Amino acid sequence: MEACLAAAKTPPPHPELPDVPPIVSAHFTTPEGLRLATDIAGDPWRPRVIFVHGGGQSRRSWRSALQRMAAAGFSVVSLDLRGHGESDWAEDGDYSLEAHTRDLTAIVRAMPSRPSIVGASLGGRVALQTAAALGAESIRSLVLVDSTPRMNAAGLERVSNFLRASMVGFDSIEEATRTLETYAEREIGHNYFRLSHSIRTGADGRIYWRWDPKAALDRYLSPDAIEERLSAAAASLTMPTLLVRGTLSDLVTDDCVADFRHTLPTTEVFDIVGGGHLMKTQRLEVFCDATIDFLKRHEEAA
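This structure is a prediction, so every number in the text was calculated from the model and none was measured. (Residues numbered from 1 in each chain as written. Predicted model: local features only at pLDDT ≥ 70, side-chain atom pairs only at ≥ 80, totals over all residues. Heavy atoms only, no water.)

### Some points on the sheet that holds strand S2 (residues 35-41)
Item 1. An order of S1-S2-S4-S3-S5-S6-S9-S10 is seen for the 8 strands of this open sheet, with the pairing classed as mixed. What marks the edges here is a single partner per strand, and that holds for strand S1 (24-29) and strand S10 (268-272). Direction aside, the axes of adjacent strands within the sheet are offset by 20° on average.
Item 2. Where helix H3 (residues 122-134) meets the sheet, its contacts fall on strand S3 (48-52), strand S5 (116-120) and strand S6 (142-145), and the angle it forms with S5 comes to roughly 145°. (Pairing = 2+ DSSP bridges. Helix = DSSP H or I, 4+ residues; strand = E, 2+ residues; numbered from the N terminus. Axes fitted to C-alpha atoms, helices over the stretch in contact; angles between N-to-C directions. Contact = heavy atoms within 4.5 Å.)

Take a look at the structure:
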């Protein structure tokens, strides 16, 4: 990791987490020259966990999880994927799974010890592909958050529609907020300051989310033979793997879970009852407890 870009910021006191390590903003430069924004917390000599966000999101979606994981004794890193958040946009417009995998591979290889990876949605695809390519000698364990090789078509279409609608921007922050509320299935209300790190104003004066619209092109959202490629990757995994999914998710249904278990019989599955696709924020404490338990069990076993 390169030098910090911003001074460490100590999170506000949390009644359940009295000793929360500060989260420090930094950046990592890939071999291709892209600067990827990161958040880092925890003792660097503790077991390392890398968090990878979903499409159209940023590393900030993991911020509360980072605090809990660091307080539990992990060294945590969360990155903005290329073209997202505060990371560089790809000059060649390459937001393929292979490009994201190259970036994550470079970060893994820069770690002082074998990390675990936690990936949600698109980040789950990237984490799965990277773990399969590098193997258990480089990746300690893998946590997929509502992400399986085969996903429900209706849920994929809902997410794709949100990303496509966002490509052209919005007339106002109010319009952007209403669209996000429909996708995220939660109310944001008039607390627009909460979106300050997620939006930008384009040269045309319209409001855009803080990601490159090219990342939502069909060839990146639905690449050819993606299910077959990810299923083959899953079948090759040898490190401990956990799938966390919300029982109300329209992307990872019971059929998707059964297919994944057939492909990788050793996988563990943790259901968050009543949670949707974004259950990691809807049910943060439950998600973190399940993930911490899994990581610590396999840390001790190793």
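Moving on from the coordinates now.
### Some words on the nonpolar core
Item 1. Among the nonpolar cores identified, the biggest contains 48 residues, and Ile50, Leu79, Leu104, Ile117, Leu128, Leu142 and Trp209 are the most heavily contacted of them.
Item 2. Counting residues in hydrophobic clusters, the runner-up holds 23 residues, among them Ile23, Val49, Trp62 and Val244. (Core = buried A, V, L, I, M, F, W, Y, C linked by side-chain atoms within 4.5 Å. Buried < 20%, exposed > 50% of the residue type's maximum accessible area, 1.4 Å probe, protein only.)

### Some thoughts on the side chain of Arg82
Item 1. Secondary-structure assignment places Arg82 in the loop between strand S4 (75-79) and helix H2 (97-109).
Item 2. Judged by its relative accessible area of 1%, Arg82 is buried.
Item 3. Within polar-contact distance, the side chain of Arg82 engages the backbone oxygen of Asp94 at 3.0 Å.
Item 4. A distance of 2.7 Å separates a polar atom in the side chain of Arg82 from a polar atom in the side chain of Asp103.
Item 5. Those residues in contact with Arg82 that lie beyond four places of it in its chain are Glu32, Leu34, Leu36, Ser87, Asp88, Ala90, Asp94, Tyr95, Ala99, His100, Arg102 and Asp103. (Polar contact = N/O pair within 3.5 Å; in protein donor to acceptor, adjacent residues only side chain to side chain.)

### Notes on helix H1 (residues 63-71)
Item 1. Residues of H1 that are buried include every one of Ala65, Leu66, Gln67, Arg68, Met69 and Ala70, and no others.
Item 2. Just downstream of H1 lies Gly73, where phi reads positive at about 105°.

### Notes on empty space enclosed by the protein
Item 1. Enumeration over the complete set of coordinates arrives at 1 cavity of 30 Å³ or more.
Item 2. The calculated volume of the largest cavity comes to roughly 40 Å³.
Item 3. Contributing to the lining of the largest cavity are Ser58, Arg59, Arg60, Asp80, Gly85, Glu86 and His197.
Item 4. Of the residues contributing to the lining of the largest cavity, the split by class is no nonpolar, 3 polar and 4 charged. (1 Å grid on protein atoms, 1.4 Å probe; cavity = no way out; pocket = protein on both sides within 12 Å on 5 of 7 lines; lining within 4 Å. Points joined across faces, edges and corners; volume = space filled by probe spheres on them. Nonpolar A, V, L, I, M, F, W, Y, C, P; charged D, E, K, R; others polar.)

### Let's talk about unusual backbone geometry
Item 1. One non-glycine residue, Ser121, lies in positive phi territory at about 55°.
Item 2. Looking at the secondary structure, you find Ser121 in the loop between S5 and H3.
Item 3. Despite not being glycine, Ala225 has its phi angle at roughly 55°, a positive value.
Item 4. Relative to the helices and strands, Ala225 resides in the loop between helix H6 (218-221) and helix H7 (226-235).
Item 5. For Ala225, a relative accessible area of 43% translates into the label partly exposed.

### Some thoughts on the pattern of salt bridges
Item 1. Taken as a whole and assessed by the stated rule, the structure comprises 21 salt bridges.
Item 2. For Glu98, the salt bridge goes to Arg229, with nearest N and O atoms at 2.2 Å. Linking Glu98 in helix H2 with Arg229 in helix H7, this pair joins segments that are 131 residues apart in sequence.
Item 3. Given the relative accessible area of 27%, Arg229 is considered partly exposed.
Item 4. Connected via shared salt-bridge partners are Asp39, Arg59, Arg60, Arg63, Asp80 and Glu86. (Salt bridge = Lys/Arg side-chain N within 4 Å of Asp/Glu carboxyl O.)

### Here's the deal with the pairing of S6
Residues in a regular strand point their side chains to alternate faces of the sheet.
Item 1. Residues Leu142 and Leu144 line one face of S6 and the alternating positions Val143 and Val145 line the opposite face, and both faces are buried.
Item 2. Direction of pairing for S5 relative to S6: parallel, over a ladder of 4 bridges. Within the sheet, the bridge partner assigned to Val118 lies in S6 and is Val143.
Item 3. Crossover handedness for the path S5 to H3 to S6: right-handed. (Right-handed = clockwise from strand over helix to strand, strands pointing away.)

### Comments concerning the confidence of the model for the chain
Item 1. Mean pLDDT over the chain works out to 88, with 88% of the residues at or above the 70 mark.
Item 2. Every residue in residues 1-15 scores below 50 in pLDDT, and together they form 34 contacts with partners more than four places removed in sequence or on other chains. (pLDDT = per-residue confidence, 0-100.)

### Quick word on helix H8 (residues 254-263)
Item 1. Within the span of H8, buried status applies to Cys256, Val257 and Phe260. The arc that holds the buried residues of H8, viewed along the axis, is 100°, so those residues lie on one side. In H8, the exposed residues that point more than 90 degrees away from the buried face are Asp254, Asp255 and His262.
Item 2. The inward-facing, buried residues of H8 abut S6, H7, strand S9 (241-246) and S10. (Arc of directions from axis to C-beta.)

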